[in-house]
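Structural overview for review
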Amino acid sequence: MELRQLEYFVAVTEEAGFTRAAARLHVAQPGVSAQIRQLERELGQPLFDRSARQVRLTKVGEAVLPYARAALAAVAAARLVVDEMTGLLRGHVVMGTVSAPSVLDLPGLLADFHDRHPSVEISLQESDPESLIEAVRAGRMDLGLIGIGSSVPAGLDAQVVIDQALVAAVGLTHDLAAQGSAGMPVITLRELADRALICLPRGTGLRAALDEACAAAGFTPHVAFEASEPYVLGQLAAKGLGLAVLPESAVTVAKDDLHVLEITEPRLRGRMALIWRATGPSGPAARAFIDHARRRLPDFP
C-alpha cells in the first residue's frame, strides 16, 4: 500500500469521479484508475461502486476513508515538523481578492514570495466579498484582500493597505461643472441622493464607505454604472453618464475632461485591507505568506 494510492482514493471520493480527481491531481485518468485497482487488490475488496452513473464508496470504502485521510494528514504533519526545524517551507497558500488594484502590485508580491520559498505553491483567486470572508474564516483561504467599512468582519484580523479620500467627478458639460470656488468645489453627501452615480462594485473599500455613509444619512445611493477599475469611473463620467465617486488618485487619468468636487458632510475615505483568521493560520507556509504580505504592503493605522 502506497501513500499515492491513498491520495488518489481520497481524491476520487471527494471529487465523486475518476476524471475530476485526475484533473485535481494533475495526472492522467488511467493512472488514477490503475492505482485504485491496485489498492483494491491489496485490500481484497472493492472500494467504489462503479455501477451507478456517479462513483460511490462501498461499505468497505466508507470504512477505509477516515484511515486514509488520517494517514495522509500524519505524513503532512511529519513533513511540516521537519520543514520547520530545517527552515524549509513547503505547502500551498491561497490568497483571495475581490479585485486586484494595480497600485498594490500583487503580482510583484506573489513573485517575491515564490522566489523566497519556491517549494510553496501559491494560488490567487477572485471572489465576491461574502464568499471570500467565509473562505478566510473557514481556512480555505489563508489571506484576503477586501474593501472594509468602519469595522473588521468578526473572527478576522486586518491591516489596512489602501486609505484615501473619495471625491466626486463629472464631465465638463454636467450641470455641476459650473460650480467653482477658490479651492476645490464641494458637494454634500446628501446632494448625491437623487443623482445617477458611477462607482466601484460592492466589496471594494470605496463602495463600502459610500454605502455606509449613505445609510447613515438615510438614503440608498442610485448606482447607475459600476466598473472594477477606478480610472474607468472617470472615463464614464467624462462621457456624461453620471457622477463618479472615485479615489482622489484616480482623477489624474482623465483630469482634463473632468470637473472634480470634494464630498463633504461627511468627507469620505475608501479603505481596502488584508484579512486573515484571528485565531491564526494553520501552518508555517501560511504564516510566512501573511507576514510577507504585511511587510510588503502599506500599513495604515
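Here goes a summary of the coordinates provided. Computed from a predicted structure; not experimentally measured.

1. Thoughts on the side chain of H174
Mapped onto the elements, H174 comes out in the loop between β6 (156-171) and β7 (186-188). Among the polar contacts made by the side chain of H174, one reaches the side chain of D175 at a distance of 3.1 Å. Every residue in contact with H174, bar those within four places of it in the chain, is listed here: R195 and G242.

2. Quick notes on the packing of helix α5 (residues 106-116) against helix α9 (residues 284-296)
Contact geometry of α5 with α9 gives a least axis separation of 10 Å together with a crossing angle of 135 degrees. As far as their axial angle goes, α9 and α5 are oblique. Seen from above, α5 lies across α9 with right-handed handedness. On the side of α5, the interface is formed by G108, L109, L110, D112, F113 and R116, while α9 contributes A285, A288, F289, H292, A293 and R296.

3. Some thoughts on the state of the cysteines
On inspection of all chains with the given rule, the structure shows 0 disulfides. Summary of cysteine pairing: C199 is not part of a disulfide, and the nearest cysteine sulfur, belonging to C214, is at 9.0 Å. Exposure remark for C199: the relative accessible area of 0% places this residue in the buried category. Classification of C214 by relative accessible area gives buried; the value is 0%.

What counts as what
Each chain carries its own residue numbering, running from 1 in the written order of its sequence. Local features in a predicted model are, by the rule used here, given only for residues with pLDDT of at least 70; side-chain atom pairs are given and counted only at 80 or more, and totals for whole chains, interfaces and linings are based on all residues. Excluded from the side-chain calculations are hydrogens and water; all other atoms, namely the structure's heavy atoms, are used. Helix and strand labels come from DSSP, where a helix needs a run of H or I of at least four residues and a strand needs a run of E of at least two; each type is numbered from the N terminus. The term polar contact refers here to a pair of N or O atoms within 3.5 Å; inside protein, the definition further demands a hydrogen-donor-capable atom paired with an acceptor-capable atom, and it admits residues adjacent in sequence only when both atoms are side-chain atoms. We call two residues contacting when some pair of their heavy atoms lies within 4.5 Å. Axes here mean lines fitted to C-alpha atoms, for a helix over just the part in contact, with angles spanning 0 to 180 degrees between N-to-C directions. Any angle between 65 and 115 degrees counts as roughly perpendicular, while under 35 counts as roughly parallel, over 145 as roughly antiparallel, and the rest as oblique. Each crossing gets its handedness from the near helix: less than a right angle anticlockwise from the far helix is left-handed, clockwise is right-handed. By convention in this document, the label disulfide applies to cysteine sulfur atom pairs within 2.5 Å. We call a residue buried when its accessible area falls under 20% of the maximum for its residue type, exposed when it is over 50%, and partly exposed in between, using a 1.4 Å probe and counting protein chains only.

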